[in-house]
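# Observations on the three-dimensional arrangement
One-letter residues, chain by chain:
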Amino acid sequence: IIVVINKIDKPAAEPLTALDKVFDLFTELTDNEELLDFPFIFASSLNGFAINDLDDERKDMIPLLDSILENIQPPAGDASKPFQFRATTLDYNEYVGRIVIGRIENGSVKSQEQVCVIHGDGSQERGKITKLYGFHDLGRVEIEEAFAGDIVGIAGFSDVQIGESICSTADPQPLPLIKVDEPTLQMNFSVNDSPFAGTEGKFVTSRHLRDRLFKELNTDVSLRVEETPGVENSFKVSGRGELHLSVLIENMRREGYEFAVSKPEVLYKIDERGKKLEPMEIAYIDVPEEFSGTVIQMLSERKGELQGMAPTGNGTTRLEFSVPSRGLIGFRGDFMTATKGTGIINTTFDEYLPYKGDMSYRSKGSLIAFESGTSITYGLFNAQERGTLFIGPGEQVYAGMVVGENPRAEDMEVNVCKKKQLTNTRSSGSDDALKLSPPKVMSLEQALDFIDTDELLEITPKSFRIRKKILDHTLRYRANRK
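Residues numbered from 1 in each chain as written. Predicted model: local features only at pLDDT ≥ 70, side-chain atom pairs only at ≥ 80, totals over all residues. Heavy atoms only, no water.

### Considerations on the state of the cysteines
- Enumeration according to the criterion identifies zero disulfides in this entry.
- There is no disulfide at Cys 116, and the cysteine sulfur nearest it, in Cys 167, is 6.6 Å away.
- For Cys 116, a relative accessible area of 1% gives the class buried. (Disulfide = S-S within 2.5 Å. Buried < 20%, exposed > 50% of the residue type's maximum accessible area, 1.4 Å probe, protein only.)

In structure tokens:
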């Protein structure tokens, strides 16, 4: 293993501290002295240099390339043995279908050759390799034959998954199976049915949405897509976290898709004793010392448990928390606000543990548009006294659309389309210019964090809109009473 400490050109870089942390990690993972004596390189990929020592001249990447040649062993496969190949990643081509990519462990293979696919459950499937691809520079080229040690792409099999083996038909011996981590969060993707539906997007129907989501399964191994039983035009999409799903949403939005998504929900499990389990994550947090108490309180309210706390030496404190995945939904926005943008948080999936109990997702309510129309300065001026607005004057709104955040826990309806009544009466100061506070413009991640369980996020190529699932005021009131 070669350790590369990247981004050493950053003003706040601490490459030697990072190297010490990596060494501590290695000592926790192994007692193999050969691995503990790992080679290391300092680098800045943005500026195109790698160095063995911080005092070396910073000119090119040659030190990294030399280290690879010195330390990385060539593939140990045997070309004379029967063919063995394991899928490690997936690609997709509209003309040839799914392409499985991996390294040939043993033997050799030719294009159009008959091979045997061994699935994770032990079942076997025989078929022909329709296309065999090699890699040259950054591109993929079609080849006729490949040997042990070569990294290749194989087309012709639509059901091969990550970790499964492709072997010779004469002696099919599977390689050890690689298990892909299961999803921990799910969201409902549905057709946009708001009053503004179809005005900004290019692909808006359920067929477009379904085809795009199932197409993503060809390349994204951690994604799961299911038809929602009993609900038309809606699909249940499961992924490895908020970031995983938000990347998919952003890609679809840029491609011209228009749809609506629900609040992310955690996927629970039931153990053999019938007890409810939930996914837990380890959160590593670096914050200035004056904010550490606030962050500890915030995560404790979200069922987090403090695992470790230590000063880093530069005025910041390193916190390590074990926290439920659902406790991190909507946390990052509050975290950045509480630390005034100075905090750094990194999270990673840990394991499934017993359910930690109920928690409230959001302590603040929504400001909901009372009627459809165009937002007016006069109406916004009166509404901003109730909370923080998400829109400015001259924007189209509809009844049931969330236009702001209420500091209190309950939802409140406001009329942002209200116009000032013109009369003959004039009073001192009545015609002074109305001053509006700048609206809070939220990113995709912030909007996903904000929405509650009775709300949807409307996604279009041009905008994000938060709305209530039930737009009509009377029907929403009745549903809340029930």
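What follows continues from the structure just given.
### Focus on the packing of helix H6 (residues 292–301) against helix H7 (residues 331–338)
- The geometry of H6 relative to H7 is characterised by a closest axis approach of 10 Å and an angle of 160° between their N-to-C directions. By the angle class used here, H6 and H7 are roughly antiparallel. Seen from above, H6 lies across H7 with right-handed handedness. On H7, the residues touching Thr 294, Val 295, Met 298 and Leu 299 of H6 are Phe 331, Asp 334, Phe 335 and Ala 338.
- Taken together, the residues of the contact of H6 with H7 break down into six nonpolar, one polar and one charged. (Axes fitted to C-alpha atoms, helices over the stretch in contact; angles between N-to-C directions. Helix = DSSP H or I, 4+ residues; strand = E, 2+ residues; numbered from the N terminus. Parallel < 35°, antiparallel > 145°, perpendicular 65-115°, else oblique. Left-handed = near helix turned anticlockwise from the far one by under 90°. Contact = heavy atoms within 4.5 Å. Nonpolar A, V, L, I, M, F, W, Y, C, P; charged D, E, K, R; others polar.)

### Some remarks on the sheet that holds strand S7 (residues 114–118)
- Taken in spatial order, the eight strands make up an open sheet running S8-S7-S13-S4-S5-S12-S9-S10, and their pairing is antiparallel. The sheet is open, and its two borders are formed by strand S8 (124–128) and strand S10 (139–142), each paired with just one other strand. Strand-to-strand twist of the sheet, defined as the mean angle between neighbouring strand axes without regard to direction, takes the value 35°.
- As defined by bridge partners, S7 adjoins strand S13 (residues 165–168) across four bridges and the pair is classed as antiparallel. By the bridge assignment, Val 117 is partnered in S13 with Ile 166. (Pairing = 2+ DSSP bridges.)

### Considerations on the sheet that holds strand S2 (residues 40–44)
- Spatially, S1-S2-S3 is the arrangement adopted by the three strands of the open sheet, whose pairing is mixed. The strands lining the two open edges of the sheet, one partner per strand, are strand S1 (3–5) and strand S3 (49–51). Direction aside, neighbouring strands of the sheet carry axes that sit 30° apart on average.
- Sheet topology note: the S2/S3 ladder contains three bridges and is antiparallel. Its bridge partner being in S3, Ala 43 is matched across the sheet by Ala 50.
- Packing against the sheet, helix H1 (residues 15–29) makes contact with S1 and S2, and its axis sits at approximately 150° to S1.

### Brief notes about helix H4 (residues 206–216)
- Burial in H4 covers these residues: Leu 209, Arg 212, Leu 213 and Glu 216. Here the buried residues of H4 occupy an arc of 95° about the axis, which is enough to place them on one side.
- The elements touched by buried residues of H4 are strand S14 (185–190), strand S15 (224–227), strand S16 (234–239), helix H5 (242–254) and strand S17 (259–261). (Arc of directions from axis to C-beta.)

### Focus: the packing of aromatic side chains
- Applying the stated rule across the entire model yields eleven aromatic pairs.
- Seen in terms of ring centroids, Phe 23 and Phe 38 are 6.4 Å apart; in terms of plane orientation they differ by 45°. Their pairing is tilted. A residue pair is termed long-range when its members are at least 10 positions apart, and Phe 23 in helix H1 and Phe 38 in the loop between helix H2 (33–36) and S2 qualify at 15 residues.
- Owing to a relative accessible area of 9%, Phe 38 belongs among the buried residues under this scheme.
- Relative to Phe 85, the ring of Phe 83 lies with its centre 6.5 Å away and its plane at 20°, an arrangement referred to as stacked.
- The exposure class of Phe 83 is buried, given its relative accessible area of 2%.
- Phe 85 sits in the buried class, given a relative accessible area of 0%.
- Ring pairing ties together the aromatic residues Phe 23, Phe 26 and Phe 38, which thus form one cluster. (Phe/Tyr/Trp six-rings, centres within 6.5 Å; stacked < 30°, edge-to-face > 60°.)

### A look at the layout of surface pockets
- There is about 1,200 Å³ of room inside the largest pocket.
- In terms of lining residues, the largest pocket is bounded by 30 residues, among which Thr 17, Ala 18, Lys 21, Asp 286 and Arg 318 are the most central.
- Broken down by secondary-structure element, the contributors of at least two residues to the lining of the largest pocket are H1, strand S20 (276–288), strand S21 (305–311), strand S22 (316–324) and strand S23 (344–354).
- Among the elements that take part in the lining of the largest pocket, H1 stands out by supplying eight residues, more than any other.
- Volume-wise, the second largest pocket comes out at about 510 Å³. (1 Å grid on protein atoms, 1.4 Å probe; cavity = no way out; pocket = protein on both sides within 12 Å on 5 of 7 lines; lining within 4 Å. Points joined across faces, edges and corners; volume = space filled by probe spheres on them.)

### Section: the side chain of Thr 228
- Within the secondary structure, Thr 228 sits in the loop between S15 and S16.
- At 3.2 Å, the side chain of Thr 228 and the backbone oxygen of Ser 234 are in polar contact.
- A distance of 3.5 Å separates a polar atom in the side chain of Thr 228 from the backbone nitrogen of Lys 236.
- With sequence-adjacent residues up to four places away left out, Thr 228 is seen in contact with Asn 188, Ser 234, Phe 235 and Lys 236. (Polar contact = N/O pair within 3.5 Å; in protein donor to acceptor, adjacent residues only side chain to side chain.)

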